Amino acid sequence: PQGPGMILSTRESPQMRRKLLHLGISQMSAGSKTDVGAYAKGDQKAEMETFGTSPHLDLLENLDDHADVNAKPQGPGQGADLTGQFSLLDHRTLDEIVKDLLEMGFVPSWCTACYRVGRTGASFMAIAKKGDIHNYCHPNALLTLREYVEDYASKDTRKLAESVIDAEKATLTRTSALERKLHKVMEGERDLYF
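Note that this is a predicted model, so its numbers are computed, not measured.

Asker: Tell me about the overall build of the chain, residues and numbers included.
Answerer: What the chain contains, in helices and strands, is 10 helices and two strands. Listing every helix and strand of the chain by position from the N terminus yields β-α-β-α-α-α-α-α-α-α-α-α. The buried share of the chain, reckoned over its 194 residues, is 27%. A separation threshold of at least 6 residues defines the contact pool for the chain, and within that pool the share at least 24 residues apart is 54%. Carbon and sulfur atoms make up 54% of the accessible area of the chain, which amounts to about 12700 Å² in all.

Asker: Please give an account of the side chain of K169 that cites residues and values.
Answerer: Structurally, K169 is set in helix α9 (residues 155-169). K169 sits in the buried class, given a relative accessible area of 15%.

Asker: How would you sum up the confidence of the model for the chain? Please name residues and give values.
Answerer: On average, the chain scores 82 in pLDDT, and the residues at 70 or more come to 75%. When mean pLDDT is compared element by element in the chain, α9 scores highest at 98, while helix α4 (residues 67-70) scores lowest at 42. Across residues 65-82 the pLDDT falls below 50, and counting only partners more than four positions away or on other chains, this stretch makes 12 contacts in the model.

So, how was this worked out
- Residues numbered from 1 in each chain as written.
- Predicted model: local features only at pLDDT ≥ 70, side-chain atom pairs only at ≥ 80, totals over all residues.
- Heavy atoms only, no water.
- Helix = DSSP H or I, 4+ residues; strand = E, 2+ residues; numbered from the N terminus.
- Buried < 20%, exposed > 50% of the residue type's maximum accessible area, 1.4 Å probe, protein only.
- Contact = heavy atoms within 4.5 Å.
- Areas by Shrake-Rupley, 256 points an atom, 1.4 Å probe, with all protein chains shown as cover.
- pLDDT = per-residue confidence, 0-100.

Structure follows, in C-alpha cells:
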C-alpha cells in the first residue's frame, strides 16, 4: 500500500529533487516564480518566440501603471526593491523538468480526474485497496502527457515523450479505449480522462 503523497517544491536544487523523487514524491512544482508579475513577464517572451504574440502584452504594457506593483517600501530598515516570496533553487523551465523526469523513467502527469469525478475519500480508497487505481492513473497520466506534448513540448521533449507513451501503452492490459482517447487528443480534443 502506498502512503500519503509528498510534495516537492522548487525551493530545493535540481540535484536534491532528482534524489528525492526516488523516495515516493507524488507531486512537484515546475517552472515556479515568486516575484510580482513574473509569470506574465516570463510567459510573454516564450509566447512571442513560439506563437508570435502573447495574451500578456496588455498586462505587461500596463503593469507599470499599478502603484502597488511599483511601490517601494518606505522608512528606515526597509528594502528598496521587491523580491520573490521565497528563494528558488530550481530555475528550470517546465519543459526542462518534464524532459528530466522522462529521462529518469518517470511519467509526468497533470491528471485531476479523481477530484473532478468525485473519486475521493472512501470512493477512492475502495478502488485503491483493490489495486485498481492504476487502471485510472496510468492511462490518465499518458493522456495528460500527450496533451503536454501536443501543446507545449520542445522538439527534444516531444520525441522522448512519444517513445515513453508508446512504451507505457505496452504495459497496459486494455489499450483500445486509451488509443481512442490519445487519438482524440492528437486531433485537438482536450481534458479527456478515465
